[in-house]
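Letter by letter, the chains look like this.
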Protein chains: 2
Amino acid sequence: MKTSSKNLRADERREVTVETVVELAGEQNPSEITTAAIAKRMGVTQGALFRHFPNKEAILSSVMEWVSKRLLARIDKAISKNPSPMAALEAMFMAHVEFVCKHPGVPRMLFGELQGAKDSAPKRLVQLMIEGYSIKLKALLDEGINSGELDPELDTQSAALLFIGTIQGLVMQSLLAGDVKKMRKDAPGVFAIYQRGIRG
Amino acid sequence: MKTSSKNLRADERREVTVETVVELAGEQNPSEITTAAIAKRMGVTQGALFRHFPNKEAILSSVMEWVSKRLLARIDKAISKNPSPMAALEAMFMAHVEFVCKHPGVPRMLFGELQGAKDSAPKRLVQLMIEGYSIKLKALLDEGINSGELDPELDTQSAALLFIGTIQGLVMQSLLAGDVKKMRKDAPGVFAIYQRGIRG
DNA sequence: TAAAAGATAGTAATTGGTTACTATCTTTTA
DNA sequence: TAAAAGATAGTAACCAATTACTATCTTTTA
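A brief report on the enclosed structure follows.

As for the overall build of chain A
- Counting secondary structure elements, chain A contains eight helices and zero strands.
- Order of helices (α) and strands (β) in chain A, N terminus to C terminus: α-α-α-α-α-α-α-α.
- Taken along its principal axes, the extent of the C-alpha atoms in chain A is 60 × 40 × 30 Å.
- A burial count over chain A gives 40% of its 200 residues as buried.

Given below as C-alpha cells:
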C-alpha cells in the first residue's frame, strides 16, 4: 500500500510523472506541455521534477519507453490468443485502438516526436517502437499468405503501411469530432474494408 | 515580373509570408515555428511581419486558407478529368499525395492545429476544409456504388475515413524514413489495397 | 529502543534565454 | 512629398533549469 504521506519514492514519482504527461497529451498539443503544467497537475512544484529527471527530454524519453512497453505487450497478448493470422490481425487492430482510446495523447506524442528536425533520444525510441511493431505485423501478414487466408500476391509492405495509417486516420477523425470514443465505434467498419483489401 | 526592389507590396508580402510558413513546416514541428524564424527566412526583421498581420494566429489562418484553396482546386481538377468514379477516386488520391509531396509541412500543420485544445480560428478553417474534402469524397463513393464500380454494401463513412487515413499513413511513413519522396513511390501499392477493399 | 545521523524528497525563489508583440524612427517608392 | 514598408529597440510574459534551503523518511548506534 502506498503511504498517505506527500513524499513519494523516486521511482514512484517518476512513474507518476510519466502518467501525467500521457494524460496531459490527451488534452492539448504535446509539444506545448510545459514542466510547470506537469508539476501543477501532479501537485508538486516545478523544480521538483528536476530532482528525478536531468532535463525535460529525459521525461519524454521515459514516456516513450512507457508507451513501447505497454502497447507492444498488449499487441503480443492479442496475437497469442488467436491461432489464425487473420483473427490475430483483427485482434491486434482492436487492441491498438483500445489502447489509443484509453490514452488518446499517445498517437499525438508519437507523431509530434517524429516531426522534430533533430533526431532526439525520444524520437529514436519512437522509431524503434514502430520498427518492432512493423516486424510483428509483417510476420502476421506473411503467415496469412502462407496459410491461404491472405491474397498470395499481397504487397506486405503496403499492407503494413495501410494498417498503421488506418489507425492514424481513426485518430484524426476523433480529433475532428472532439470525441475519443468515436474511434471504438468506427474501428470495425474501417477494418472490414481493410480486411477485404488483403484477403485471399 | 516581380520588381527588383527590396520592399514588397502588402499583398505580396503576405503571400510570401504564407509560403514561408508552409516551407518551414516541412522542416520542423509546425507548433515550434516562431515569428523570428519566419522573418529570418524571408530576409526581414521580426517586427516587419506585424505590419501585415495583426498577430501570429492571423498568419496561421492565412496559411490554412492558402492550403484549402490550393488543395481543393487540385482535387476538383483531378475529379473533373475522370468520368469514371473509381478513376476519379484514384486521381484524387494521387493529386493529394502529389500536393503533400510538394508541401510536406501541410499535413503536419493540419494535424497540429486539430490537436489544439481551444478552437482557434485556424482550427476552424481546418475543420471546414476537411468537411469540404469529405463531401467531395462521399459524393464520388456514392456515384461509384450507383454505377456498380463499388461494392453496393460499402459503408461510405468508413471508406471516406480510410481514404484520408491512408494518406496520413503515407505521411507518417515518410517522416519515419526522413524521405518525402517515399510517399510518391508507396502511394500506388497502398491505393491498390484500398481499391480492392471497396470495389464491387 | 530511542535519539542521533544521514539520506532522500520537495519547496520557494531566481536564473538566463526566448517568446509574441509594440512604439518610434528611417527608408523606399509611387 | 506623402504614404507605405521596413529597421531599430524595446516590452512583459513565459520557458527550462538551478540554487539554497526545509521536511520527511531510514538507518545506525549508544
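Notes on the relation of the copies chain B and chain A
- Once chain B has been moved 0.0 Å along the axis and rotated by 180 degrees, it coincides with chain A to within an RMSD of 0.0 Å. Seen this way, the second copy is the image of the first under a two-fold rotation axis. For chain B, the minimum C-alpha distance to the rotation axis belongs to Gly197 of chain B and amounts to 1.9 Å.
- When the interface residues of chain B are mapped onto chain A, 100% of them again fall at the interface, so both copies present the same face.

A look at the interface of chain B and chain A
- Listed per partner, the contact involves 37 residues of chain B and 37 residues of chain A.
- Listed by contribution, the elements that provide at least two residues to the side of chain B that touches chain A are α6 (105-115), α7 (121-146), α8 (156-177) and α9 (182-198) of chain B.
- Residue contributions to the side of chain B that touches chain A peak at 14 residues, all from α8 of chain B.
- Looking at the side of chain B that touches chain A residue by residue, the class counts come to 16 nonpolar, 15 polar and six charged.

A look at the environment of Ala177 of chain A
- In this structure, Ala177 of chain A sits in helix α7 (residues 156-177).
- A C-alpha to C-alpha distance of 32 Å links Ala177 of chain A and Ile135 of chain A, two positions 42 residues apart in sequence.

Calculation notes
Numbering of residues starts from 1 in every chain and runs along the sequence as written. In the order they appear in the text, chains get letters beginning with A and ligands get numbers beginning with 1. In keeping with the predicted nature of the model, local features appear solely for residues at pLDDT of at least 70, side-chain atom pairs appear and are counted solely at 80 or more, and the whole-chain, interface and lining totals rest on all residues. By the criteria applied, helices consist of DSSP H or I runs no shorter than four residues and strands consist of E runs no shorter than two, each listed in order from the N terminus. Burial is judged by counting the other C-beta atoms within 10 Å of a residue's own C-beta: 20 or more makes it buried, 12 or fewer makes it exposed, and any count in between marks it as partly exposed, with every C-beta position built from the backbone. Here the copies were fitted onto each other by least squares, based on C-alpha atoms from residues at pLDDT of at least 70 in both. Throughout, a pair of residues is in contact if the C-beta atoms placed from their backbones lie within 7 Å. Amino acids outside the nonpolar list (Ala, Val, Leu, Ile, Met, Phe, Trp, Tyr, Cys, Pro) and the charged list (Asp, Glu, Lys, Arg) are all regarded as polar, and Gly is one of them.

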